[in-house]
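Listed below are the residues making up each chain.
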Amino acid sequence: MRWLLPLICLAACEPVERAPCQVRGDAELELTPSDRSFGEFTSGDDIVFGPPPQGGAPYAALTGRVDGLDLVDGVTLELWGEDVESGEDLGSLSYETRLVCANVGDSAGNWLATDVHFRFFGWNLDQLGGRVAELSMRVTDKDGMSVEQSVVGELVEDMD
Amino acid sequence: MRAALPLVALLSMIPTAEALACGGFFCNRDFPIDQAGEEVIFGVDEDAGTVDAHVSIAYQGASEDFAWIVPVANVPELFPSSDALFTGLRTQTKPQFYLQWDYSGECAWDMLYDDAEADADGGPPSPTTGGNGVTVVNEERVGPYDSVTLQAETADLLLSWLNNAGYDLPTDLSSVLEPYVASDQYFVALKLSAGSETGDLVPLGMRYEGRTASVPIQLTSVAATPDMPLTVYVLGEARSVPDNYLHVRINEAAINWFTGGDNYADVISRAADEAGGHAFATDFSGATRPGSIFNESSYNEGQLLSATTPFEWIDRLMGMGLPPSAALLAALQDAIPYPQTLADEGVSASNFYDCLSCYSEHVDSSSWDAAAATEALNTGLIDGLREAERILAAHPHISRMTSSLDADEMTVDPIFVFNGDMDQDASNVHTATLQFDCLSGETWEEADRTLILSDGREISLPSQQWIWEHETSEFDVMEPLTSPAAVVIEDLGSDGDGEMMFDYRDSAAAEAEDFRAEGTGACGCATTSPVGTVGLLLGLLPLALRRREDR
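What comes next concerns the included structure. (Residues numbered from 1 in each chain as written. Chains lettered and ligands numbered in written order. Predicted model: local features only at pLDDT ≥ 70, side-chain atom pairs only at ≥ 80, totals over all residues. Heavy atoms only, no water.)

On to the overall build of chain A. Of regular secondary structure, chain A possesses zero helices and nine strands. The linear arrangement of helices and strands in chain A, starting from the amino end, is β-β-β-β-β-β-β-β-β. Across the 160 residues in chain A, those meeting the buried criterion constitute 48%. In chain A, of all internal contacts separated by at least 6 residues, the share reaching a separation of at least 24 is 71%. (Helix = DSSP H or I, 4+ residues; strand = E, 2+ residues; numbered from the N terminus. Buried < 20%, exposed > 50% of the residue type's maximum accessible area, 1.4 Å probe, protein only. Contact = heavy atoms within 4.5 Å.)

So, about the overall build of chain B. Each helix and strand in chain B was counted, giving 17 helices and 22 strands. Within chain B, buried positions represent 56% of all 551 residues. For chain B, the exposed surface amounts to about 21,400 Å²; the carbon and sulfur share of it is 49%. (Areas by Shrake-Rupley, 256 points an atom, 1.4 Å probe, with all protein chains shown as cover.)

Residue and element names in this part refer to chain B. Buried within helix α4 (residues 155-164) are the following residues: A155, L158, L159, W161 and L162. Taken end-on, α4 shows its buried residues confined to a sector of 160 degrees, consistent with a single buried face. Relative to its buried face, α4 has exposed residues pointing more than 90 degrees away, namely D156 and N164. Positive phi shows up at G166, right after α4, with a value of about 95 degrees. (Arc of directions from axis to C-beta.)

Before going further, it helps to examine a negative patch on the surface. On the surface, A:D35, A:E40, A:D46, A:E85, A:D126, A:E154, A:E157, A:D158 and B:D184 cluster together into a negatively charged patch. Inspection of the secondary structure assignment puts A:D35 in the loop between β1 (28-33) and β2 (46-49). Residue classification places A:D35 among the partly exposed residues on the basis of a relative accessible area of 47%. (Patch = residues over 30% accessible without salt bridge, like charges linked within 9 Å, V, L, I, M, F, W, Y side chains within 5 Å. Salt bridge = Lys/Arg side-chain N within 4 Å of Asp/Glu carboxyl O. Lys, Arg positive; Asp, Glu negative; His and termini not counted. Charge placed at Lys NZ, Arg CZ, Asp CG, Glu CD.)

Residues and elements named next belong to chain A. Taken together, five strands build an open sheet; the order of strands is β2-β9-β8-β4-β5 and the sheet is mixed. Because the sheet does not close on itself, it has two edges, and the strands there are β2 and β5 (89-97). Going from strand to strand, the sheet's axes swing by 30 degrees on average, the running direction of each strand aside. Pairing between strand β4 (residues 75-83) and strand β8 (residues 132-140): eight bridges, direction antiparallel. Note that in β8 the partner of E78 across the bridge is R138. (Pairing = 2+ DSSP bridges. Axes fitted to C-alpha atoms, helices over the stretch in contact; angles between N-to-C directions.)

Where charged atoms of side chains with opposite charge meet at close range, the side chains can pair. Applying the stated rule across the entire model yields 21 salt bridges over all chains. Residues A:E78 and A:R138 are paired through a salt bridge, measuring 3.3 Å at the closest nitrogen-oxygen approach. Remark: A:R138 occurs in strand β8 and A:E78 occurs in strand β4; sequence separation between them is 60 residues. When its relative accessible area of 22% is taken as the criterion, A:E78 is described as partly exposed. Two residues, B:R390 and B:D52, come together in a salt bridge whose shortest N-O distance is 2.3 Å. Its relative accessible area of 4% is what places B:D52 among the buried residues. Several salt bridges share partner residues, and in doing so they unite B:D52, B:E77, B:R207, B:E387 and B:R390 into one network.

All names here are of chain B. The strand order β11-β17-β13 describes an open sheet built from three strands, whose pairing is antiparallel. The sheet terminates laterally at β11 (213-214) and β13 (240-242), the two strands that pair on one side only. By the bridge criterion, two bridges tie β11 to strand β17 (residues 415-418) in an arrangement that is antiparallel. Counterpart to A213 in the pairing with β17 is F416.

What follows is about the pairing of strand β2 (residues 50-55) of chain B. Residues and elements named next belong to chain B. Counting buried residues in β2 gives five out of six residues, a clear majority hidden from the surface. Pairing between strand β1 (residues 38-45) and β2: six bridges, direction antiparallel. Directly across from D45, in β2, lies its bridge partner T50. A loop of four residues connects β1 with β2, the two strands running antiparallel in sequence, and G49 in this loop sits at a positive phi of about 70 degrees. Inspection of the sheet shows β2 paired to strand β10 (residues 204-209) by six bridges, in the antiparallel sense. Note that in β10 the partner of D52 across the bridge is R207.

Right, here's the structure in full:
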């Protein structure tokens, strides 16, 4: 019989390779509109928004990238927005979710929140275009540690 | 139950071949209900700028309390759809998992033969103002439903108007309706027409201007169950992919091949969770099959119209080979009433129609009207089958995608786009091979085995005898390899191959190699075999710890 089971093998085990998304360094959140790669967006650039095809409040898609937090047990994701010039509240949203631990590509080793929809609750499309908005995201882990980041740009309706 | 169940599917199916084999519509069996969660079928014609959406509707409760509502971007044309469309597409695209047995070496066959034998037993009118901030765009009867299409200034006004009009919707819908109201969406609300019963429910078809398929999942959160499956079929010119949800490729080692993949829904749920809760897996992508749902040439309306008795009518209909479905059963009940006395005696409707002559004393032949019965059949079934065929003929490609969402994950309406750059075909048929590695003289039960997955992973498994002796299962033994449920998490879009975020394939292959080389443990230790369950658990511990660190 070749079916072999290890009874005492801990000492002989292969070393575990370094897992991605291990906590290292300072906690940090990078944020970008989803149509841009990280590092491409600079303050004042356009932030594209539009209507969901089958209804609901207008939205802008954001992508966040987190380092330095242990998010394996999920996060609380908070989003809020403000008109930079008038100070008007452009909407807010909070929910529990899990981020993806990327192990390939430019974001390998980081936690990713892709295509997060900031919803402009209470606003119509024609009320939003041309506004300069600050859209913010906060990611909080299960221990209460959090990071937040904002993007500021002019809202431009263009969501195919 | 007052609550509407928006976009929740009522799905019934019986394998066609099995049904026909017994000579009746329904094979004298109770009609099984496959509550598969929410299912929506989209046909997207980008050139014409139209979207057809077919939505199944499930409801449990009193007929007078039934109400249903869905937001749409533009004023839709409404039409009754067919559950045969759902059944047909589901049959074509449902994931299937087959385990082929392969014997290598010199297996002793006597016991195999003995056990094998033992096993063998086994278009809108002009808007009108509804008053109080509500604009009624259209009111019409659609199949068994009274429908109204309307806009409102606020969700509260919308609900107030609908409830006053007899659409019995719960007031706690207000918060999820409000965003749709705020963006000037239209709403289609349904209630059952007078004389219609909940048994008459058919899927609703909607055709509206648009080029993108999207499910208003936020509204579903009101009536969602935990880990509610969501299956979306998108028909169009090319393969469809989720645009604002991630795409996952499942880990075939997470599938329980020894039970026909009956844990697939669980794997999808775990994979979606691993992708943050917003992800779909592709169940199938490939060509549509026009003619697979309804063969027009086999339907002879003239024969039905000339039938002089209900017995003759139903015999002729049975010969036309219509697939069994809830819609067929409902249409038959419209054509030939199902006697309440038989229901009281416990005779099911399907039994009644399968053998009408068996219950001839309960059938009123004196008032037989073949034209009325045929018209009922056409309205309740044939028109829907023809519409199902129309949508198949209109679109060369179908994609089926499945997700699983909790109510609190229903924060984003999933959007689906076409991608002609990717590999267009993804089979729903998955096969693995269980190889029996017989040493000389070993029976198949004594032989160690290797499970070979389609991606080439070879997973060592103990003998069948060992499994029996230790009162465990192959799937339990494989547990260290069943996570993660998603081996690839990727962000797809309308062009290119998308961006991969998580790729566990190499790691999964390496783990399978370790598993194969070292038994079930994470290291190369060896013991003589077999050992007890405690030993097995000790062996799995290192892998479990390692998995935790990997996450």
